[in-house]
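Residues per chain, in single letters:
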Amino acid sequence: MIDLKLIRQDPDLVRSALQKRGRDPNIVNDILRLDEEWRALLSEQGKMQAELNRRSEEIGELKRKGQDISQLLVKLRDLSDKVKDLNTPIKEKKEQITRLLEKIPNILHSSVPIGQSEKENRIVRKGGEIKDFDFTPLPHWEIASRLKLIDFERGTKISGSGFILYTGWGAKLERALINWMLDLHREKHGYRELWPPYVINREAAYGTGKLPDFEDQMYRFENAELYLNPTAEVPVTAIHAEEILSEEELPIYYVAYTACFRKEAGAAGKDTRGLLRVHQFDKVELVKLTKPEHSYEELEKMLADAEDVPKGLGLPYEIVELCSAEVGFTAAKAYDINVYSPGTEKWLEVSSCSNCTDFQSRRLNIRYKDKESGKLEFVHTLNGSGIALARTVASILENYQEKDGSVRVPEVLIPYLGVDKIK
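These numbers were taken from a predicted model, which means no experiment stands behind them.

K.L.:
Sorry if this is basic, but what is going on with the overall build of the protein here?
P.N.:
Each helix and strand in the protein was counted, giving 14 helices and 15 strands. Oriented by its inertia axes, the alpha-carbon framework of the protein measures out at about 105 × 45 × 40 Å. Each of the 423 residues in the protein was classed as buried or not, and the buried ones make up 51%. Sequence separation of 24 or more characterises 73% of the internal contacts of the protein that already satisfy a separation of 6 or more. As presented, the protein carries roughly 20,800 Å² of accessible surface, and 47% of it is formed by carbon and sulfur atoms. For the protein, the distance from the average site of its 63 positive side-chain charges to the average site of its 70 negative ones is 2 Å.

In structure tokens form, the structure reads like this:
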């Protein structure tokens, strides 16, 4: 959530940021109006409270002198009731302001390219080579079915469409990828490994900005304020909610594997075949907590760490800087990593790396004590997929398929699988 003080001090900045994202800037006017009304009520209550205190002292003095104070007590109680009566409208105004603030996304960094669709995203760099096959490459769902790596029909029978049943070498490949990525980020990049719960409470989801903006995508427990985890970003970032960290602890690097659950609301009929759009998928997530002045440097480092995954797997990939309309609600700047799948002839997003600045830490109340000033400051939070499955599996199957129907195993995964080819 952005700071209300920012809207008071520089409303044009916030209006401009909203326009860059293609959102209505008039919400700023509504917040300023409500804020003025809220502060007026607070001022009125403050004056009445000061008068109440003054009269209480006078009555106390008269009582000590033995004078009749019965009439004064009646007036005092009446004034006290008026002070209390203002609590309700003050609370209501504050709640109205908060509900509007919840609709305002993070302020974009000045370097973010302005655009209204993914067509205006900027390709930063490419890696790997797109293979020139001497046969027509198959889509991954055909490869997976022929090699009995995935049983799509039984997965649907168990849980419904969009849920995947990995079998045999398919299950082993999924597990190998997760273990290799965790080892890579822990051993090479210096992240501390965690294994968080798959179930999150409303506070964690709200604090990381998934509520209310992302609620239609999340699976909720019917009789509890609990949700299935949409991404490990949520539980891992929320670990330090309501905490004051020491400056020496920063930066904090976490890596975590979780299964992720998303309804993919609004995506009916779009890329529904195979592994392109599923309701449950595995993901290795990177999370950082940093001092504000280092967060954009840390974003570039995180992007390089995530890039090591498609690079290590030998997959063709591209790094894309997202334009203003495509940057996520909580992020000030973001990059995507896409891998190429020749069988489907698509670039598939497998990672998004974002700097959320203090947007999440304000909601979660994660601060650190600055040694020099002694002040409490909000940390900056960053997150990135390092990387996401199942699209990575799709890309591996399509890029490493052989003419005889087998699939070669990427070199880095051979120690984890124990074979160099899946037949």
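There's more to say after this.
K.L.:
For this particular structure, what's the right way to read the packing of aromatic side chains?
P.N.:
The way to describe two aromatic rings as a pair is by their centre distance and the angle between their planes. As enumerated under the stated definition, the model contains six aromatic pairs in all. Measuring from centroid to centroid gives 5.2 Å for Tyr 340 and Trp 347, while their planes differ by 55 degrees, and the two rings are tilted. Judged by relative accessible area, Tyr 340 falls into the buried class, the value being 13%. Judged by relative accessible area, Trp 347 falls into the partly exposed class, the value being 32%. Members of the aromatic cluster, each reached through a chain of ring pairs, are Trp 195, Tyr 198 and Tyr 257. Cation over ring: Lys 210 sits above Phe 214, and NZ or CZ is 5.5 Å from the ring centre.

K.L.:
Which parts of the structure should I look at to understand the sheet that holds strand S10 (residues 346–355)?
P.N.:
In a beta sheet, neighbouring strands are held together by backbone hydrogen bonds and run either parallel or antiparallel to one another. With mixed pairing, eight strands are arranged side by side in an open sheet as S1-S8-S9-S10-S13-S7-S6-S2. One side of each edge strand has no neighbouring strand; the edge strands of this open sheet are strand S1 (122–127) and strand S2 (192–194). Strand-to-strand twist of the sheet, defined as the mean angle between neighbouring strand axes without regard to direction, takes the value 25 degrees. Contacting S1, strand S6 (252–261), strand S7 (280–290), strand S8 (317–321), strand S9 (333–341), S10 and strand S13 (380–388), helix H11 (residues 295–313) runs over the sheet at an angle of about 5 degrees to S13.

K.L.:
I would appreciate a short explanation of the side chain of Asp 308 in the present structure.
P.N.:
Here Asp 308 shows up in helix H11. A polar atom in the side chain of Asp 308 sits 2.8 Å from the side chain of His 189. Sequence-distant contacts of Asp 308, that is, excluding residues within four places in its chain, are made with Trp 180, Leu 184, Lys 188 and His 189.

K.L.:
Even after reading the chapter, I still don't get the sheet that holds strand S11 (residues 367–369), so can you show me in this structure?
P.N.:
In space, the three strands of this open sheet follow the order S5-S11-S12, with mixed pairing throughout. With partners counted over all chains shown, the strands left at the sheet margins are strand S5 (244–246) and strand S12 (376–378), one partner each. Here the strands of the sheet are splayed against their neighbours by 40 degrees on average, with no regard to which way each runs. Sheet topology places S11 next to S12; three bridges connect them, and they run antiparallel. Residue pairing for S12: Arg 367 is matched across the bridge by Phe 378.

K.L.:
So what exactly am I meant to see when it comes to the nonpolar core here?
P.N.:
Looking at soluble globular proteins, one finds that nonpolar side chains tend to be buried together. Grouped together as the largest cluster of nonpolar side chains are 55 residues, with contacts concentrated most on Leu 177, Met 181, Leu 275, Leu 313, Leu 397 and Leu 413. The element contributing the most residues to this core is helix H8 (residues 169–188), with eight residues. Residues in contact with Leu 413, not counting those within four places in the same chain, are Leu 173, Ala 176, Leu 177, Trp 180, Leu 313 and Ile 396. In terms of nonpolar packing, the next biggest core, distinct from the first, is built from 29 residues, Ile 27, Ile 31, Leu 41 and Ile 107 among them.

K.L.:
Looking at this model, I keep getting lost on the pairing of S9. Mind explaining?
P.N.:
For a regular strand, the rule is simple: side chains alternate between the two faces of the sheet. The buried count for S9 comes to nine of nine residues, which makes it a mostly enclosed element. A two-sided burial pattern is seen for S9, the buried positions comprising Lys 333, Tyr 335, Ile 337, Val 339 and Ser 341 on one face and Ala 334, Asp 336, Asn 338 and Tyr 340 on the other. Note that S8 and S9 share five bridges and pair antiparallel. Residue Val 320 lies in a different strand from S9, and its bridge partner there is Asp 336. Hairpin connection of S9 to S10: four residues between the antiparallel strands, including Glu 345 at a positive phi of 55 degrees.

K.L.:
Even after reading the chapter, I still don't get the side chain of Ser 361, so can you show me in this structure?
P.N.:
By the secondary structure assignment, Ser 361 is in helix H12 (residues 359–364). One polar contact links the side chain of Ser 361 to the main-chain carbonyl oxygen of Asp 358, over a distance of 3.2 Å.

K.L.:
Sorry, what's going on with the pairing of S6 here?
P.N.:
With 10 of its 10 residues buried, S6 lies for the most part within the structure. Pairing between S2 and S6: three bridges, direction parallel. Across the sheet, residue Leu 194 finds its bridge partner in S6, namely Ala 256. For S6 and S7, the ladder comprises 10 bridges, and the chain directions are antiparallel.

K.L.:
Hey, could you run me through a nonpolar patch on the surface in this one?
P.N.:
There is a patch of nonpolar side chains on the surface, built from Val 199, Phe 221 and Leu 226 and spanning about 210 Å² of accessible area. Structurally, Leu 226 is set in strand S4 (residues 226–228). Of the residues examined, Leu 226 reaches a relative accessible area of 31% and is grouped as partly exposed.

K.L.:
Would you explain the pattern of salt bridges in this entry?
P.N.:
When the charged atoms of two side chains lie near each other, side chains of opposite charge can form a pair. Scanning the model with the defined rule gives 34 salt bridges in all. Between Arg 54 and Glu 51 there is a salt bridge; the shortest N-O distance is 2.5 Å. Of this pair, Arg 54 and Glu 51 both sit in helix H3 (residues 27–64), separated by three residues, roughly a single helical turn. Its relative accessible area of 39% is what places Arg 54 among the partly exposed residues. Take Glu 51: its relative accessible area is 24%, and that puts it in the partly exposed class. For Lys 301, the salt bridge identified is with Glu 297, shortest N-O distance 3.5 Å. Of this pair, Lys 301 and Glu 297 both sit in helix H11, four residues apart, which is roughly one turn of the helix. Residues participating in the shared-partner salt-bridge network are Glu 51, Arg 54, Arg 55 and Glu 58.

What counts, and where the lines are drawn
- Residues numbered from 1 in each chain as written.
- Predicted model: local features only at pLDDT ≥ 70, side-chain atom pairs only at ≥ 80, totals over all residues.
- Heavy atoms only, no water.
- Helix = DSSP H or I, 4+ residues; strand = E, 2+ residues; numbered from the N terminus.
- Buried < 20%, exposed > 50% of the residue type's maximum accessible area, 1.4 Å probe, protein only.
- Contact = heavy atoms within 4.5 Å.
- Areas by Shrake-Rupley, 256 points an atom, 1.4 Å probe, with all protein chains shown as cover.
- Lys, Arg positive; Asp, Glu negative; His and termini not counted.
- Charge placed at Lys NZ, Arg CZ, Asp CG, Glu CD.
- Phe/Tyr/Trp six-rings, centres within 6.5 Å; stacked < 30°, edge-to-face > 60°.
- Lys NZ or Arg CZ within 6 Å of the ring centre and 35° of its normal.
- Pairing = 2+ DSSP bridges.
- Axes fitted to C-alpha atoms, helices over the stretch in contact; angles between N-to-C directions.
- Polar contact = N/O pair within 3.5 Å; in protein donor to acceptor, adjacent residues only side chain to side chain.
- Core = buried A, V, L, I, M, F, W, Y, C linked by side-chain atoms within 4.5 Å.
- Patch = residues over 30% accessible without salt bridge, like charges linked within 9 Å, V, L, I, M, F, W, Y side chains within 5 Å.
- Salt bridge = Lys/Arg side-chain N within 4 Å of Asp/Glu carboxyl O.

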